[in-house]
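For reference, the chains in residue letters:
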Amino acid sequence: MRIGALEAGGTKMVCAIGNENGEILKREVFPTTTPDETMPLMIHFFQKEEIEALGIGCFGPIDPRKGSKTYGYITSTPKLKWQNYNIVGEFEKALGCPVGFDTDVNAAALGEAAYGITRGLANSIYMTVGTGIGVGVYSEGRLLHGMMHPEAGHILLKRHPADTYEGWCPFHKDCLEGLAAGPALEGRWGAKGDTLTDRAEVWELESYYIAQACVNYCMLLSPERIVLGGGVLKQPALLPLIREKFTLLLADYIRTEEVRDAAHYIVPASLNDNQGVMGCIRLALLAL
Ligand code: ADP
Ligand code: ZN
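**Quick look at helix H7 (residues 238-250)**
At step 1: Its 13 residues place the ends of H7 18 Å apart at the C-alpha level, agreeing with the 18 Å of an ideal helix rising 1.5 Å per residue.
At step 2: All of the buried residues in H7 are Leu 238, Leu 239, Leu 241, Ile 242, Arg 243, Lys 245, Phe 246 and Leu 250.
At step 3: Its buried side turned inward, H7 meets helix H6 (200-221), strand E11 (225-229), helix H8 (257-260), helix H9 (262-265) and strand E12 (266-268).

Below is the structure:
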């Protein structure tokens, strides 16, 4: 079986071919410029491969609600050329095969749930901390959408008393993303995250915010496991600090087997940065 997968990002489009076991057989990357330029390259790639279905995990916000007038559209993205763009419709027209569609982080959550570290669990969360913060929610055995899809990178949380950085989110300033995504590290400390390894105070503060987010997701969605991915999590000091603070903030209120050992509850992504693409393969299979 040949399955198409598209991890559609704001800077690059990862196009891949996979099979029903989630194995990636081939991959090509195109820069995300304009639909006029980028779409024909991707369509050509998938047409050559004679795929049976396509799965798209897309930067957003998007409209993933079947039956909605704008189902399959990228909606209010800051990438102006892609605003209100019917990406699903264009691929359906060009390829004539079923197309599965969800957010990039929901795809990553699905990839881990189908093939990775949350396989077999009906409830899990995937959080990426990179240029932005995104959260995919897998709940009762399926991806959660609600009225559109969760935007749990923009939650509001308690600010650290010693933190004077105003935050960079263009909408909320000091939401989680505004305080803790990669650009916030750079804005607050004046240097890129990967150069701040030796500054203990940086990771103290960063883990304080991410741990709060994990507590909130735990309380609200009751996941059996939380997976953390994204560039900022490449920082080795971070994960142990997040787990430590998570346990402290939870304050023994939740006492399930799952949260007892934070090292088991909060885990790094497990699929070598392929969780997004593998989730897209799964989206395609579900669309078939
Ligand atoms: P994107 O979110 O754009 O898909 P990434 O998940 O790779 O991409 O995240 C990029 C962000 O992660 C940048 O802000 C970068 O500075 C930051 N980053 C990358 N590596 C590290 C690291 N080792 N430590 C801390 N921050 C990092
Ligand atoms: Zn925000």
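Okay, back to it.
**Quick look at the coordination of the zinc ion (ligand 2)**
At step 1: Every protein donor of the zinc ion (ligand 2) is listed here as His 154 (ND1), Cys 169 (SG), His 172 (ND1) and Cys 175 (SG), and their distances to the metal cover 2.1 to 2.4 Å.
At step 2: Note that the zinc ion (ligand 2) binds four donor atoms; their angles at the metal cover 103 to 118°, and the shape is tetrahedral.
At step 3: Using a relative accessible area of 2% as the deciding quantity, one classes Cys 169 as buried.
At step 4: Judged by its relative accessible area of 37%, His 172 is partly exposed.

**Focus: the site of ligand 1**
At step 1: Surrounding ligand 1, one finds Gly 130, Thr 131, Gly 182, Gly 193, Asp 194, Trp 203, Gly 230, Gly 231, Val 232, Lys 234 and Gln 235.
At step 2: The backbone of Gly 231 places a nitrogen or oxygen atom 2.9 Å from an oxygen atom of ligand 1.
At step 3: Gln 235 places a polar side-chain atom, nitrogen or oxygen, 2.7 Å from a nitrogen atom of ligand 1.
At step 4: Taken by itself ligand 1 offers 570 Å² of open surface, and the protein chains cover 61% of this.
At step 5: For the shell around ligand 1, a count of residues per class yields two nonpolar, seven polar and two charged.

**Digging into the pattern of salt bridges**
At step 1: Here the structure, examined in full by the defined rule, presents 13 salt bridges.
At step 2: Where Lys 245 meets Glu 204, a salt bridge forms, and the shortest distance between an N and an O atom there is 3.0 Å. With Lys 245 in helix H7 and Glu 204 in helix H6, this residue pair connects regions lying 41 residues apart in the sequence.
At step 3: A salt bridge links Arg 260 to Glu 257; the shortest N-O distance between them is 3.1 Å. A residue pair is termed a helical-turn pair when its members lie 3 or 4 positions apart in one helix, as Arg 260 and Glu 257 do in helix H8 at three residues. There is no split in this pair, since Arg 260 and Glu 257 are both exposed.

**Quick look at the sheet that holds strand E9 (residues 133-139)**
At step 1: The five strands are arranged E10-E9-E8-E11-E12 in an open sheet whose pairing can be described as mixed. If you trace the sheet from one side to the other, it starts and ends with strand E10 (142-143) and E12, each paired once.
At step 2: In the packing of H6 onto the sheet, the strands contacted are strand E8 (124-129), E9, E11 and E12, and the crossing angle to E8 comes to about 155°.

**With respect to the domain arrangement of the protein**
At step 1: By domain assignment, the protein separates into domain 1 (3-103) and domain 2 (108-268).
At step 2: The straight-line distance from the C-alpha centre of domain 1 to that of domain 2 is 27 Å.
At step 3: Where domain 1 meets domain 2, there are three residue pairs in polar contact (both at pLDDT 80 or more).

**Some points on the nonpolar core**
At step 1: By size, the foremost hydrophobic cluster in this structure holds 41 residues, and its most contacted members are Met 127, Leu 176, Ile 210, Tyr 217, Leu 228, Ile 242 and Phe 246.
At step 2: Elements with a minimum of two residues in this core: E8, E9, helix H4 (176-180), H6, E11, H7 and H9.
At step 3: Looking at which element gives the most residues to this core, the answer is H6, with twelve residues.
At step 4: Apart from residues lying up to four places away in sequence, Tyr 217 is in contact with Ile 125, Met 127, Val 135, Ala 152, Gly 153, Ile 155, Leu 176, Ser 222 and Pro 223.
At step 5: If you look at the next biggest cluster of nonpolar residues, it comprises 28 residues, including Phe 30, Met 39, Leu 54 and Val 88.

Thresholds, definitions, all that
- Residues numbered from 1 in each chain as written.
- Chains lettered and ligands numbered in written order.
- Predicted model: local features only at pLDDT ≥ 70, side-chain atom pairs only at ≥ 80, totals over all residues.
- Heavy atoms only, no water.
- Helix = DSSP H or I, 4+ residues; strand = E, 2+ residues; numbered from the N terminus.
- Expected span 1.5 Å × (residues − 1).
- Buried < 20%, exposed > 50% of the residue type's maximum accessible area, 1.4 Å probe, protein only.
- Contact = heavy atoms within 4.5 Å.
- Donors = N, O, S within 2.8 Å, 3.2 Å for Na, K, Ca; no water.
- Tetrahedral: all angles 85-135°; square planar, octahedral: opposite > 155°, others 65-115°.
- Near = heavy atom within 4 Å.
- Polar contact = N/O pair within 3.5 Å; in protein donor to acceptor, adjacent residues only side chain to side chain.
- Areas by Shrake-Rupley, 256 points an atom, 1.4 Å probe, with all protein chains shown as cover.
- Nonpolar A, V, L, I, M, F, W, Y, C, P; charged D, E, K, R; others polar.
- Salt bridge = Lys/Arg side-chain N within 4 Å of Asp/Glu carboxyl O.
- Pairing = 2+ DSSP bridges.
- Axes fitted to C-alpha atoms, helices over the stretch in contact; angles between N-to-C directions.
- Domains from an automatic or database assignment.
- Core = buried A, V, L, I, M, F, W, Y, C linked by side-chain atoms within 4.5 Å.

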